[in-house]
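Coordinate inspection notes
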Amino acid sequence: MTSGTTPGLTRFNTSADSEAVAALHEVCSSSAWGSKVLAQRPYSTAEALFLASDAAMAELTAEDLAEAMAGHPPIGRPKAGDPTSSREQSGMAAASDQLKTEMLDLNLAYQDRFGHVFLICATGRTGEQMRDALRERIGNSPEAEREIVRTELGKINRIRLTRLVETSETSEEESSA
């Protein structure tokens, strides 16, 4: 991971608040998380930004976590036209129809049990690995699952923040890459 100053970090540090808020919302849809991260600008290094993100994530309430999770589509059904969602869930792209059906059923059962989508840092995971994690986690208590979700969101945020600070082009140009 990047730890020094990069063109992307400089752009983030110097952008108007409205632009920075929009960029942070693309990382995590929790307004409380975004406000906490925004309030500490400018960041001297990417690592300082990551640590601020982690600290903000640790402070989120159950309602804040729900807001953050609302920005994530179910595993196996990335947001249409969203390159970030498709990239992060690429492990499901080549999944068999049987696995996709199983994931849909498990996702629905999970959502019935916990009241929100199954959230996992899908980057680098196969469809089978995500299914196995879902099977394992569906038996958790709501409290234990909330803390796992918090950890998974933190991982996702770090990956997305890394892309934000390492990208030297504008986000419009990035999305066509």
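Our structure's up above, just so we're on the same page.
First, a word on scope: everything that follows refers to the structure included in this document. In this numbering scheme, every chain counts its residues from 1 along its sequence in written order. With the structure being a predicted model, the display of local features is reserved for residues of pLDDT at least 70 and the display and counting of side-chain atom pairs for 80 or more, all residues being used for whole-chain, interface and lining totals. Hydrogen atoms and water are omitted, and side-chain values are computed over all heavy atoms in the structure.

1. A closer look at the overall build of the protein chain
Each helix is a run of DSSP H or I of at least 4 residues and each strand a run of E of at least 2, with the numbering of both proceeding from the N terminus. Within the protein chain, the regular secondary structure consists of 10 helices and 0 strands. Starting at the N terminus, the α and β elements of the protein chain follow one another as α-α-α-α-α-α-α-α-α-α. Expressed as a percentage of the 177 residues in the protein chain, the buried residues total 45%. Total accessible area on the protein chain stands at roughly 8,900 Å², and carbon and sulfur atoms take up 52% of it. Only protein chains enter the area calculation, which uses a 1.4 Å probe; residues under 20% of their type maximum are buried, those over 50% are exposed, and those in between are partly exposed. Note that accessible areas follow from Shrake-Rupley with a 1.4 Å probe, and for residues the cover is restricted to the protein chains shown.

2. As for the pattern of salt bridges
Take a side-chain nitrogen of Lys or Arg and a carboxyl oxygen of Asp or Glu: if they are within 4 Å of each other, that pair is a salt bridge. Scanning the model with the defined rule gives 11 salt bridges in all. Notably, a salt bridge pairs Arg135 with Asp132, separated by 3.8 Å at the nearest N-O pair. Placement of the pair is Arg135 and Asp132 together in helix H8 (residues 127-137), with a separation of 3 residues, close to one helical turn. Taking relative accessible area as the criterion, Asp132 reaches 37% and is therefore assigned partly exposed. As a salt-bridge pair, Lys155 and Glu152 come within 3.0 Å of each other at their nearest N and O atoms. You can see Lys155 and its partner Glu152 sitting in helix H9 (residues 142-166), 3 residues apart, about one turn around the helix. Look at the salt bridges and you will find they share partners, linking Glu102, Arg131, Asp132 and Arg135 into a network.

3. A few points about the packing of aromatic side chains
Two aromatic rings, drawn from Phe, Tyr or Trp (for Trp, its six-membered ring), form a pair once their centres lie within 6.5 Å of each other, and the interplanar angle then sorts them: stacked below 30 degrees, edge-to-face above 60, tilted otherwise. Here the structure, examined in full by the defined rule, presents 3 aromatic pairs. Each ring, one from Phe12 and one from Tyr43, has its centre 6.4 Å from the other, and the planes form 20°; the classification is stacked. One end of the pair, Phe12, is in helix H1 (residues 7-14); the other, Tyr43, is in the loop between helix H3 (31-39) and helix H4 (46-58), and 31 residues separate them in sequence. Like Phe12, the residue Tyr43 is buried in the burial classification. Aromatic side chains Tyr110 and Phe118 sit 5.2 Å apart centroid to centroid with 80° between the ring planes, which places their arrangement in the edge-to-face category. Only Lys NZ and Arg CZ are tested; either one counts as a charge over a ring when it is within 6 Å of the ring centre and within 35 degrees of the ring normal. In this arrangement the basic side chain of Arg41 is found over the ring face of Phe12, its NZ or CZ atom lying 5.5 Å from the centre.

4. Focus: the environment of Ala93
Among the structural elements, Ala93 can be located in the loop between helix H6 (83-88) and helix H7 (97-114). Note: C-alpha distance between Ala93 and Thr126 (33 residues apart in sequence) is 9.2 Å.

5. Focus on the layout of surface pockets
Method remark: on a 1 Å grid restricted to protein atoms, a set of points is classed as a cavity if a 1.4 Å probe fits but cannot get out and as a pocket if it is open with protein on both sides within 12 Å along at least five of seven lines; lining residues have an atom within 4 Å of a point. Grid points are joined across faces, edges and corners, and a volume is the space filled by probe spheres set on the points. Reported here for the second largest pocket is a volume of approximately 160 Å³. If you go around the second largest pocket, the residues you meet are Ala62, Glu63, Leu65, Ala66, Met69, Arg113, Phe114, His116, Pro142, Glu145 and Arg146. Elements that contribute at least two residues to the lining of the second largest pocket include exactly helix H5 (62-69), H7 and H9. By residue number, the principal contributor to the lining of the second largest pocket is H5, which donates 5 residues. A breakdown of the residues in the lining of the second largest pocket according to their chemical character gives 6 nonpolar, 1 polar and 4 charged. Three classes are used: nonpolar for Ala, Val, Leu, Ile, Met, Phe, Trp, Tyr, Cys and Pro, charged for Asp, Glu, Lys and Arg, and polar for all others, with Gly counted as polar.

6. A word on the packing of H4 against H9
Two numbers describe how H4 lies on H9: the axes approach to 10 Å, and their chain directions differ by 155°. With respect to each other, H4 and H9 are oriented roughly antiparallel. Of the two elements, H4 crosses H9, and the hand of that crossing is right-handed. Residues Ala46, Glu47, Leu49, Phe50, Leu51, Ser53, Asp54, Met57 and Ala58 of H4 pack against Arg150, Leu153, Gly154, Asn157, Arg158, Leu161, Thr162 and Val165 of H9. In terms of residue class, the contact of H4 with H9 is made up of 9 nonpolar, 4 polar and 4 charged. Each axis is a line fitted through C-alpha atoms, and for a helix only the stretch in contact is used; angles between axes span 0 to 180 degrees, taken between their N-to-C directions. Angle categories: roughly parallel below 35 degrees, roughly antiparallel above 145, roughly perpendicular from 65 to 115, and oblique for all the rest. Should the near helix be turned anticlockwise from the far one by less than a right angle, the crossing is left-handed, and should it be turned clockwise, the crossing is right-handed. Residues are treated as being in contact if the distance between any of their heavy atoms lies within 4.5 Å.

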